[in-house]
Amino acid sequence: MSGPLHLGVALDGYGWDPQAWRATLTADPNTASQLSGRYWAGLAATAERGLLDFLTIDDTLMPQPGRGERIRAERLAGRGDAVLVAARIAPVTRHIGLIPVATVTHTEPFHISKSIATLDYVSHGRAGWQPRVSSTAHEAALFGRRTVPLDGLSDLFPEAADYVEVVRRLWDSWEDDAMIRDVSTGRYVDIDKLHYIDFSGKFFSVKGPSITPRPPQGQPVVAVLAHQGPVYEFASTSGDLVFITPKDEASLRGILNEVAAADGARLKVYADVLVSFGGAGDPRSDALNFTGSPTELVDLLLDWQRLGIDGARLRPAVNSTDLPVIVDEVVPLLQRAGRFRETYQDGETLRARLGLPVAPNRYTAVRP
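In this report, the structure presented in the accompanying data block is examined. What you are looking at is a predicted structure, and each value in this text was computed from that prediction instead of being measured.

Thoughts on the pattern of salt bridges
- Counted under the stated rule, the structure contains 22 salt bridges.
- Across the salt bridge formed by Arg79 and Asp12, the nearest N and O atoms sit 3.2 Å from each other. Linking Arg79 in the loop between strand E2 (54-57) and helix H3 (82-89) with Asp12 in the loop between strand E1 (6-11) and helix H1 (20-27), this pair joins segments that are 67 residues apart in sequence.
- Residue Asp272 pairs with Arg313 through a salt bridge whose shortest N-O separation is 2.6 Å. In this pair, Asp272 is assigned in strand E11 (residues 268-275) and Arg313 in strand E13 (residues 311-316), connecting sequence segments 41 residues apart. Across this residue pair, the class does not change: Asp272 and Arg313 are buried.
- Through salt bridges with shared partners, a single network forms among Glu165, Arg169, Asp172, Asp176, Arg214 and Arg362.

Thoughts on the environment of Gly281
- You can see Gly281 is positioned in the loop between E11 and strand E12 (288-290).
- What makes Gly281 buried here is its relative accessible area of 6%.
- If sequence neighbours within four positions are ignored, Gly281 has contacts with Asp17, Pro18, Leu274, Ser276, Asn289 and Ala317.

What about unusual backbone geometry?
- Following Gly208, the chain continues into Pro209 via a peptide bond in cis, with omega recorded as -5°.
- The phi dihedral of Arg181 falls on the positive side, at around 55°, and the residue is not glycine.
- You can see Arg181 is positioned in strand E5 (residues 179-182).
- Take Arg181: its relative accessible area is 58%, and that puts it in the exposed class.
- The residue Asp263 is not glycine, and still its phi comes out positive at about 65°.
- In this structure, Asp263 sits in the loop between helix H8 (249-261) and E11.

Let's talk about H8
- The terminal C-alpha atoms of H8, which comprises 13 residues, lie 18 Å apart, in line with the 18 Å expected from a rise of 1.5 Å per residue.
- Within the sequence span of H8, burial applies to Leu252, Ile255, Leu256 and Val259. With its buried residues spanning 100° around the axis, H8 presents them on a single face. The outward face of H8, more than 90 degrees from its buried face, is lined by the exposed residues Ala250, Asn257 and Ala261.
- At the N-terminal boundary of H8, the capping side chain belongs to Asp248, with an oxygen 3.3 Å from the backbone nitrogen of Ala250.
- Two residues or fewer past H8, Asp263 is found with a positive phi of approximately 65°.

Here's the deal with the nonpolar core
- Formed by 89 residues in total, the largest nonpolar core has its most connected members in Leu7, Leu55, Trp129, Ile244, Val273, Leu297 and Leu314.
- Tallying contributions element by element places helix H6 (residues 156-171) first for this core, with 9 residues.
- With sequence-adjacent residues up to four places away left out, Leu314 is seen in contact with Leu7, Gly8, Val9, Ala10, Val273, Val275, Leu297, Leu301 and Ile326.
- Membership of the second largest hydrophobic core comes to 10 residues, among which are Phe54, Val221, Tyr270 and Leu356.

Notes on empty space enclosed by the protein
- All chains considered together, the criterion is met by 1 cavity of 30 Å³ or more.
- What the largest cavity holds in volume is close to 110 Å³.
- Lining the largest cavity are 14 residues, and of these Asp12, Gly13, Gln34, Arg79 and Gly80 sit closest to its centre.
- Per-class residue counts for the lining of the largest cavity are 7 nonpolar, 4 polar and 3 charged.

Observations regarding the layout of surface pockets
- Taken as a whole, the largest pocket encloses approximately 970 Å³ of empty space.
- Forming the boundary of the largest pocket are 38 residues, of which Arg67, Arg132, Leu225, His227 and Asp286 lie nearest the centre.
- Per-element accounting of the lining of the largest pocket gives the leading share, 3 residues, to strand E4 (residues 128-132).
- Across the lining of the largest pocket, the residue classes tally to 16 nonpolar, 10 polar and 12 charged.
- Its volume calculated, the second largest pocket comes out at about 250 Å³.
- As for the second largest pocket, its lining consists of 14 residues, and the residues nearest its centre are Asp59, Asp81, Ala102, Thr103 and Ile112.
- When contributions to the lining of the second largest pocket are tallied by element, the ones reaching two or more residues are H3, strand E3 (97-103) and helix H4 (109-122).
- In terms of residue class, the lining of the second largest pocket is made up of 7 nonpolar, 5 polar and 2 charged.

Basis of the calculations
Throughout, residues of each chain are indexed from 1 in the direction in which the sequence is written. Confidence filtering applies because this is a predicted model: local features only for residues at pLDDT of at least 70, side-chain atom pairs given and counted only at 80 or more, and all residues used for totals across whole chains, interfaces and linings. To get the side-chain values, all heavy atoms of the structure are used, and hydrogens and water are removed first. Throughout this description, the term salt bridge denotes a Lys or Arg side-chain nitrogen within 4 Å of a carboxyl oxygen of Asp or Glu. Runs of E in the DSSP output that reach at least two residues are strands. Runs of H or I that reach at least four are helices, and both are numbered from the N terminus. Each residue is placed in one exposure class: buried if its accessible area under a 1.4 Å probe, protein chains only, is under 20% of its type's maximum, exposed if it is over 50%, and partly exposed if it falls in between. Here a residue-residue contact requires only that any non-hydrogen atoms of the pair lie within 4.5 Å. Every helix has an expected span of 1.5 Å times one less than the residues it contains. Each direction from the helix axis to a C-beta atom contributes to the arc, which is the arc of those directions. Whenever two N or O atoms come within 3.5 Å, that pair is a polar contact, provided that in protein one can donate a hydrogen and the other can accept it, and provided that, for residues adjacent in sequence, both atoms are side-chain atoms. The term nonpolar core refers to a set of buried residues drawn from Ala, Val, Leu, Ile, Met, Phe, Trp, Tyr and Cys, joined through side-chain atoms within 4.5 Å. Of the two site types, the cavity is a set of points on a 1 Å grid over the protein atoms alone where a 1.4 Å probe fits but cannot get out, and the pocket is an open set with protein on both sides within 12 Å along at least five of seven lines, each lined by residues with an atom within 4 Å of a point. Grid points are joined across faces, edges and corners, and a volume is the space filled by probe spheres set on the points. Each residue gets one of three labels, nonpolar for Ala, Val, Leu, Ile, Met, Phe, Trp, Tyr, Cys and Pro, charged for Asp, Glu, Lys and Arg, and polar for the others, Gly among them.

Here's what the structure looks like:
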């Protein structure tokens, strides 16, 4: 595969290195709190300066990264809601896509549907969503409504697939031209263009319609982080793009074969890489822990692109130091190689930027 390389960035706290908070505050004790809007707006401005496709905002049901029950005093603790953070970023950016994580286990699809649809309106068509499952008993105990299978697979991904299906149907429950706003006739909405989705499945029974009109993109981008067969299948049935975690060329070839075997040929495939320029990063990361130079990173990404990835999602080990290197050194190297954009297109939606097709409304097609 050749041509332009797609590039996004994954943001979490002060970075993906477990000690990123110490490195950040040692270098600048006055760094804004990672709970502040000013902090996230600054990161987004840097990422947008680099012309990146999108940024993702991580989230879990735990106050610290990972799924461990124990809260450790030496690790960053406390996080904001990723969807609300994305909504804070949207008005101070113009182009970059915004893809927050939102957990599907223990929550309701109706709420996520309207939240992501609202984000798409606030950002003028730049919204996405990364659904995540929750597989631990201590996370279930936060809600107290049910237990979950500890293997994380038997029901969680079928439930997640139904969840995404409900969300997508709710996005379609208003036709694009349902809002008339005709003062002369006194009609604000064409009620014939609002639809009950009447979804009934093992996990959800949802009538609809949504309270939020159809998003500007029709269907905001759904991205899935996947590590194994059942999750590749979930990505294939429910997602538009998949984040994979190869460690080398051999594992990349194997993962691409698994994605293809899961009927994922239509998916946009992004390789996750944790990048640390001058630091140790996180050797325990699920993604490749890259500690080389910007030139070596570009060579790696272009080699992987030739093997079949559409792009990469880079995880800065320390946001304050590694994100600027991505923007000011990695991107220019890709541009000089003719493999990355020189500017954004005004008014471009995230779907269009990623080369995803226009999303038809399933209910318009069946309306009498």
